[in-house]
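# Structural overview for review
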Amino acid sequence: MAKRSPAAQAWLDALRPATRARGMRFVSGTAFSLDDVYITAVEAHVVHPNRDPERLEINWAVDIKPRAVDEILWAAFLPDVVMGPQKRINHHIAGAFQVRPIRIASASREVDVGGAPDWDPVLDEFDRARSGFITTHPAVADFVAVLEQDGGSRPSGQELVRTIAALIAADRAADAARIADEATARGERGPMSSTVDVLKYLSAYAKGPEAYAAFTASLTPTHNLQVHHESQRSTSTDLAREHHPGRLGHHLSSMDGSNPWAVVLAACPPAGAPDDHSTSLYMQAAGTAEAMVLEFCRPGGAALGAVSVRSVVGRPNTDQDRPELEIVLPRSTERIARHEVFTAGEAAELFELFYRTDSIAAGYMLRPVEGYLADGGRLDLRDTTV
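In what follows, the accompanying structure is described. (Residues numbered from 1 in each chain as written. Predicted model: local features only at pLDDT ≥ 70, side-chain atom pairs only at ≥ 80, totals over all residues. Heavy atoms only, no water.)

On to the state of the cysteines. Counted according to the given criterion, the structure contains zero disulfides. Left without a disulfide partner, Cys-268 is nearest to the cysteine sulfur of Cys-297, which lies 15 Å away. Judged by its relative accessible area of 30%, Cys-268 is partly exposed. Overall, Cys-297 belongs to the buried group, its relative accessible area being 0%. (Disulfide = S-S within 2.5 Å. Buried < 20%, exposed > 50% of the residue type's maximum accessible area, 1.4 Å probe, protein only.)

Turning to the side chain of Ser-280, a few remarks are in order. In this structure, Ser-280 sits in the loop between strand S8 (262–267) and strand S9 (282–287). In contact with Ser-280, not counting residues within four places along its chain, are Cys-297, Arg-298, Pro-299 and Ser-308. (Helix = DSSP H or I, 4+ residues; strand = E, 2+ residues; numbered from the N terminus. Contact = heavy atoms within 4.5 Å.)

What follows covers the packing of aromatic side chains. Summed over the entire model, instances satisfying the criterion amount to ten aromatic pairs. Their ring planes at 80 degrees and their centres at 5.0 Å tell us that Tyr-201 and Phe-215 sit as a pair that is edge-to-face. With Tyr-201 in helix H8 (residues 198–206) and Phe-215 in helix H9 (residues 209–218), this pair connects stretches of sequence that are 14 residues apart. Taken individually, Tyr-201 and Phe-215 each receive the classification buried, so the pair is uniform in this respect. Taken together, Phe-77, Phe-97, Tyr-201, Tyr-205, Tyr-212 and Phe-215 form an aromatic cluster joined through their ring pairs. Taking NZ or CZ as reference, Arg-315 lies 4.6 Å from the ring centre of Phe-342, over its face. (Phe/Tyr/Trp six-rings, centres within 6.5 Å; stacked < 30°, edge-to-face > 60°. Lys NZ or Arg CZ within 6 Å of the ring centre and 35° of its normal.)

In short, the description is geometric, and any link to function would need to be established separately.
Printed below as a string of structure tokens:
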């Protein structure tokens, strides 16, 4: 950041006391005023036009939004975050999660480089812009009307969040949910960082407490995805299938036998289930995108004395006379029949179906290779016929 000149710094230093004298608040370099409905801020910059040290210019703008839009965003998107009264006020202006205001005025004016800082002309303009807007648009419903007048281009993520939150605040929750759902269906996203987009949070919140409770319950992970590498850090990611596409095809097509060499998608056990092999339900792939072995593990196998069984997946055996193929892995080699060799494309279809249904696709064969016992022991089932 370029160092400010003494003249520019003197003006900026004078802004806080000037706004305080008018009963305004000041946080993170921004002065603002509060009333029961709105928060209005003045953003000011002091520059030397064309880097001319003999000239000094003030650029300023007035931004406004209903306080309720941030409150709704926080209630929907950050329900577990506790903020005291002062922190809430500050986060309207300086928080990472806030609704973008609309700009109702902006201007610039040159001032005397050597003169004493005088913010009164700028703050007078701020007061006029603020009072004029609030007089004309006293309620949140009036603010929504302003937003609806600007219906030209497709709104940005920030603008969508602002409109949806404002509609909820104006008791138009059904319209808010519709706009959020339509935007999500188009593949649009809000600006907030989350594994589940903020538009989904706002849509559920707009639909009422029961819908919001069901939505938050749907955020509980249903699966865990592990991608194993030989010389890089392996990754583990929790997924909720209602909200995460999983990018399973991407991971499978990236397999090169080393980085990565394996992909494991495991279903999360039901709440309260025992933490043992009796809940083991997963699909895994190892090898390369061109030739990989797939394995499917599921609970069961009582006839074999097991609580779950891991099996190699195969197509109906039409390659009986063809030799086995070796799948070379970083620390082992798997020998499998030709009808048990998969490419990334076909494997992705099986993984996607498992992700959606926790089951193996119809028409595929399972060759048991290992059983898991209730006490943690293992059974070699490679020569078992089932």
